[in-house]
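# Residue-level structure breakdown
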Amino acid sequence: MASLNLTAADNVLKNFYLGPIREQLNNSSILLARIDRDESTQDAYGKNFTVPLHTSRNDSAGIGRADDGAAGTAGVQGYSTITVPNKYLYGSIRVTGPTIKATKSKAGAFISAIESEIKGVTRDFKRSMNRQLHSDGVDGLAYWTGADNSSGTTVDDGRGNPFVHLQSGSTYDLIDASDNSTKLGDSIVVTVGAKAATNYAITWTGTVSGSADGDYLVPENSLGYQMMGLAGIINNADPTLLGSGLHGKAAATNAYWNAQVFKNSGTNRSLTLELMQDPLSEIAVNSDYSEEDVKFMLSNVWVRDKYVALLISQKRFVNTMKLDGGFTGVEFNGIPLVVDTQCRRNRIYYVCPETLKLFRTSDFDWMDDDGSVLTRDTNGKDAYEATMFHYGDLACLCRNANGLLDDITD
């Protein structure tokens, strides 16, 4: 007997979609939220930002002499400047006219296409900035684990962790780590595969040649134009792309221009309370700041978990602290250890916010000098476009007031 079943009725049955849309992505931007505050931002002008520094003392002060002896040669205070380059970041959206009309009411769609895209690019823009604020100006998103020029390889974070910032279908450049300039893969489109214990599998379309362990992927055509971040600032070495050093100061010849860094030559070791105290003590001894000026410590979730496990193993209380803005952290000697999911692994940063400034010539804004945020497609197509921008960069005014505990087993 013939009957109308679901298969036979497939062409006339509707699918009933239950809104709202459920977010599947982690959109938190903790570091940006902590820095993008009134006391940590400063409006500026021009293409570069110059800041004066007090760098040395009068070495003739307080020198003992014999009775009636010569007072000695006069000394002088030492001064210098740093130069922070402006960086220009952009994010664009494009929506077709029919899509705008089809989604203008809830009867036609769960979301308004324009509203969704504007909110989405704003959120993603801040997320990208937050990632850059953890970088060293390179913004390496994933690192080759060996020489491999044929599609199908593994990538990690450069330290053997499956911690990368890639999105399938996006376009990247593969940069030669030996000179930090040569493109070994120009505009390759990456697909992210399975996650393993120490890496991710990826494939790509496009050509790669001459690759080696440590070569890294960056957003297409972005090398040299991304913002400076904590990996470059809270360090005792020059950032990768800056031969003249951070803000024009070479670490090797300017001892005052070094953060308090505790590493273990790239070999991870267990976290201890004594290790955690070392950067704080060195900040107090080697800078014009004290432990109280370190307002928060910053790590990824795995280091935070190791710290909590350490406290429990020593039968100590796990105290939490609440920060301005609603963030919470696990307390260490009166300082909150705050988690940021985009923070690099195996480390803890000790941040003195007073010494960091987000100099900018423009806050987040839309290109609308022609009177409209949305502009018609310039090729005559039935579509509208909009572009968001931010002009500025993260500067450090006193590098030695910040600290880093690195090479932690997490």
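The structure displayed is predicted, hence computed values, not measured ones.

## Brief notes about the sheet that holds strand β12 (residues 296–299)
The strand order across the open sheet built from 7 strands is β11-β20-β16-β12-β15-β14-β13, with neighbouring strands paired in mixed fashion. Strands at the two margins of the open sheet, each flanked by one partner only, are β11 (260–262) and β13 (320–322). Across this sheet, the average inter-strand angle for adjacent strands is 25°, counted without regard to direction. As paired elements, β12 and strand β15 (residues 335–339) share 3 bridges and run parallel to each other. When the bridges of β15 are listed, Leu298 appears paired with Val338.

## Some thoughts on the side chain of Asp410
Residue placement: Asp410 occurs in the segment after β20 (403–406). A distance of 3.1 Å separates a polar atom in the side chain of Asp410 from the backbone nitrogen of Asn346. Discounting chain neighbours no more than four positions away, the residues touching Asp410 are Trp302, Val303, Lys306, Arg345 and Asn346.

## Considering the pattern of salt bridges
According to the stated counting rule, one finds 12 salt bridges in the structure shown. The salt bridge partner of Arg304 is Asp305, with a shortest N-O separation of 2.8 Å. Owing to a relative accessible area of 39%, Asp305 belongs among the partly exposed residues under this scheme. Through salt bridges with shared partners, a single network forms among Arg94, Asp377 and Glu385.

## Thoughts on the nonpolar core
One finds Leu230, Ile233, Ile234 and Tyr349 to be the most contacted residues of the largest nonpolar core, which totals 44 residues. Apart from the residues within four sequence positions on either side, Ile233 is in contact with Met228, Leu246, Ala259, Leu356, Leu394, Ala395, Cys396 and Arg399. Counting residues in hydrophobic clusters, the runner-up holds 21 residues, among them Leu271, Leu273, Tyr307 and Leu311.

## Details of the packing of aromatic side chains
On inspection of all chains with the given rule, the structure shows 10 aromatic pairs. Judged by centre distance (6.1 Å) and plane angle (85°), the ring pair of Phe163 and Trp302 falls under edge-to-face. Taken as a pair, Phe163 in the loop between β6 (153–156) and β7 (171–175) and Trp302 in helix α6 (residues 301–313) lie far apart in primary sequence, 139 residues in all. Phe163 gets classed as buried once you look at its relative accessible area, which sits at 11%. Taken together, the aromatic side chains of Tyr88, Tyr90, Phe389 and Tyr391 make up a single cluster linked through ring pairs. If you follow Lys126 out to its NZ or CZ, it ends over the ring of Phe364, 5.4 Å from the centre. When the ring centre of Trp302 is taken as reference, the NZ or CZ atom of Arg345 above it lies at 4.0 Å.

Cut-offs and rules
Residues numbered from 1 in each chain as written. Predicted model: local features only at pLDDT ≥ 70, side-chain atom pairs only at ≥ 80, totals over all residues. Heavy atoms only, no water. Pairing = 2+ DSSP bridges. Helix = DSSP H or I, 4+ residues; strand = E, 2+ residues; numbered from the N terminus. Axes fitted to C-alpha atoms, helices over the stretch in contact; angles between N-to-C directions. Polar contact = N/O pair within 3.5 Å; in protein donor to acceptor, adjacent residues only side chain to side chain. Contact = heavy atoms within 4.5 Å. Salt bridge = Lys/Arg side-chain N within 4 Å of Asp/Glu carboxyl O. Buried < 20%, exposed > 50% of the residue type's maximum accessible area, 1.4 Å probe, protein only. Core = buried A, V, L, I, M, F, W, Y, C linked by side-chain atoms within 4.5 Å. Phe/Tyr/Trp six-rings, centres within 6.5 Å; stacked < 30°, edge-to-face > 60°. Lys NZ or Arg CZ within 6 Å of the ring centre and 35° of its normal.

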